[in-house]
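Architecture at a glance
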Amino acid sequence: AQRVTQPEKLLSVFKGAPVELKCNYSYSGSPELFWYVQYSRQRLQLLLRHISRESIKGFTADLNKGETSFHLKKPFAQEEDSAMYYCALSPPGETGANNLFFGTGTRLTVIP
Amino acid sequence: DVKVTQSSRYLVKRTGEKVFLECVQDMDHENMFWYRQDPGLGLRLIYFSYDVKMKEKGDIPEGYSVSREKKERFSLILESASTNQTSMYLCASSFGQTNEKLFFGSGTQLSVL
């Protein structure tokens, strides 16, 4: 079974401090992994996906297959980063996109 | 820009009422989804559809049904609303048969009294 674990429900950091939102997954193959973000009063939106190897809004996430982790990192947190962050996993090669599994989310608060 | 529109931002219903949540997308996406979002539980998939008149159960379909008569519209139906269905409901759509990017609506906060 696929499972995504975000161990921290709440995370607070000071502005300018580094931030890391943890995500661990359990899957025997090579899944696709995503980070979604929901800002206050906005819709849930894709932040980044591991296959793109991109940096969005200063965030990066590296897939560590050995540790089965996909932690989201930013070197210097900004107040506008305060939001709810969801890690999600999708097993590859299956049709229908019915298999996007979400973690329980981490609420990040950046303290001015 | 893809737009996924959910007809209501807030709904208040009484126990036992039949409730319709409507979702419309304007980008000719094949796949549409209904999730509910609850604190501490994250997002859970209720139903999804990958074509007109097609539907598949997600992780928590009990107490819900769906309708997809047209490609752009995906309705979530609560036949007899119960208090444990009080939640934020999110509709999403995506293109194609692979794991493409999901586009989400802004959500409907349903309160069942």
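Reference entry: report on the structure contained in this document. Values in this document were obtained by computation on a predicted structure and should not be read as measured data. (Residues numbered from 1 in each chain as written. Chains lettered and ligands numbered in written order. Predicted model: local features only at pLDDT ≥ 70, side-chain atom pairs only at ≥ 80, totals over all residues. Heavy atoms only, no water.)

Below, the discussion takes up the overall build of chain B. Looking only at helices and strands, chain B features 0 helices and 12 strands. Each helix and strand of chain B, placed in order from N terminus to C terminus, yields the pattern β-β-β-β-β-β-β-β-β-β-β-β. Projected onto its principal axes, the C-alpha coordinates of chain B cover approximately 40 × 25 × 25 Å. Within chain B, buried positions represent 50% of all 113 residues. Pairs at least 24 apart in sequence give 55% of the contacts found in chain B among residues at least 6 apart. Carbon and sulfur atoms make up 50% of the accessible area of chain B, which amounts to about 5500 Å² in all. Treating the 15 positive side-chain charges of chain B as one cloud and the 15 negative ones as another, the clouds have centres 6 Å apart. (Helix = DSSP H or I, 4+ residues; strand = E, 2+ residues; numbered from the N terminus. Buried < 20%, exposed > 50% of the residue type's maximum accessible area, 1.4 Å probe, protein only. Contact = heavy atoms within 4.5 Å. Areas by Shrake-Rupley, 256 points an atom, 1.4 Å probe, with all protein chains shown as cover. Lys, Arg positive; Asp, Glu negative; His and termini not counted. Charge placed at Lys NZ, Arg CZ, Asp CG, Glu CD.)

Residue and element names in this part refer to chain A. The strand order across the open sheet formed by 3 strands is 3-8-7, and the pairing between neighbours is antiparallel. Where the open sheet ends on each side, the last strands, each with one partner, are strand 3 (19-21) and strand 7 (60-61). Bridge count between strand 7 and strand 8 (residues 72-74): 2 bridges; the pairing is antiparallel. Paired with Thr60 across the bridge in strand 8 is Lys73. (Pairing = 2+ DSSP bridges.)

What follows is about the pairing of strand 9 (residues 83-90) of chain A. Residues and elements named next belong to chain A. Counting buried positions over the 8 residues of strand 9 gives 8, a clear majority of the element. By the alternation rule, side chains of strand 9 split into Ala83, Tyr85, Cys87 and Leu89 and Met84, Tyr86, Ala88 and Ser90, which are all buried. Bridging between strand 9 and strand 11 (residues 106-111) involves 3 bridges; their strand directions are antiparallel. Its bridge partner lying in strand 11, Ala83 is registered against Leu108. Where strand 9 meets strand 10 (residues 101-102), 2 bridges bridge the pair, whose relative direction is antiparallel. Opposite Ala88, over in strand 10, you have Phe102 as the bridge partner.

Attention shifts here to the environment of Val19 of chain B. Residue and element names in this part refer to chain B. Along the chain, Val19 turns up in strand 3 (residues 19-21). The exposure class of Val19 is buried, given its relative accessible area of 1%. On a C-alpha basis, the gap between Val19 and Leu76 in space is 8.1 Å, while along the polypeptide they are 57 residues apart. When neighbours within four sequence positions are excluded, Val19 is seen to be in contact with Leu11, Lys13, Leu76, Ile77, Leu78, Ala81 and Leu110.

As for its placement among the helices and strands, Leu110 of chain B is situated in strand 12 (residues 108-112). In the structure, Leu110 of chain B is positioned 97 residues away from Lys13 of chain B in sequence and 7.5 Å away in space, judged by C-alpha atoms.

Bringing the state of the cysteines into the picture now. Residues and elements named next belong to chain A. Tallied over the full model, the rule gives 2 disulfides over all chains. The disulfide partner of Cys23 is Cys87, and the S-S distance across this bridge is 2.0 Å. Its S-S torsion of approximately -65° makes the covalent link between Cys23 and Cys87 left-handed. In this pair, Cys23 sits in the loop between strand 3 and strand 4 (24-26) while Cys87 sits in strand 9, placing the two residues 64 residues apart along the sequence. Here Cys23 and Cys87 have matching classes, each one buried. (Disulfide = S-S within 2.5 Å.)

Another aspect to go through is the packing of aromatic side chains. What the rule picks out here adds up to 11 aromatic pairs over all chains. Between Tyr86 of chain A and Phe102 of chain A the ring centres are 6.3 Å apart and the planes differ by 85°, which places this aromatic pair in the edge-to-face class. Of the two residues, Tyr86 of chain A sits in strand 9 while Phe102 of chain A sits in strand 10, which places them 16 residues apart along the sequence. Residue class for Phe102 of chain A comes out buried when judged on its relative accessible area of 11%. Pairing Tyr64 of chain B with Tyr89 of chain B gives two aromatic rings, centres 5.9 Å apart and planes at 65°, and the pair type is edge-to-face. Of this pair, Tyr64 of chain B sits in the loop between strand 7 (56-57) and strand 8 (65-70) while Tyr89 of chain B sits in strand 10 (residues 87-94); the two residues are 25 residues apart in sequence, bridging distant segments of the chain. Taking the relative accessible area as the measure of exposure, Tyr64 of chain B reaches 7% and is therefore buried. Residue class for Tyr89 of chain B comes out buried when judged on its relative accessible area of 0%. Three or more aromatic residues link up through ring pairs in this structure, and these residues are Phe34, Tyr36, Tyr86 and Phe102 of chain A together with Phe33, Tyr35, Phe48 and Phe104 of chain B. Sitting over the face of the ring of Tyr10 of chain B, Arg9 of chain B holds its NZ or CZ atom 5.4 Å from the ring centroid. (Phe/Tyr/Trp six-rings, centres within 6.5 Å; stacked < 30°, edge-to-face > 60°. Lys NZ or Arg CZ within 6 Å of the ring centre and 35° of its normal.)

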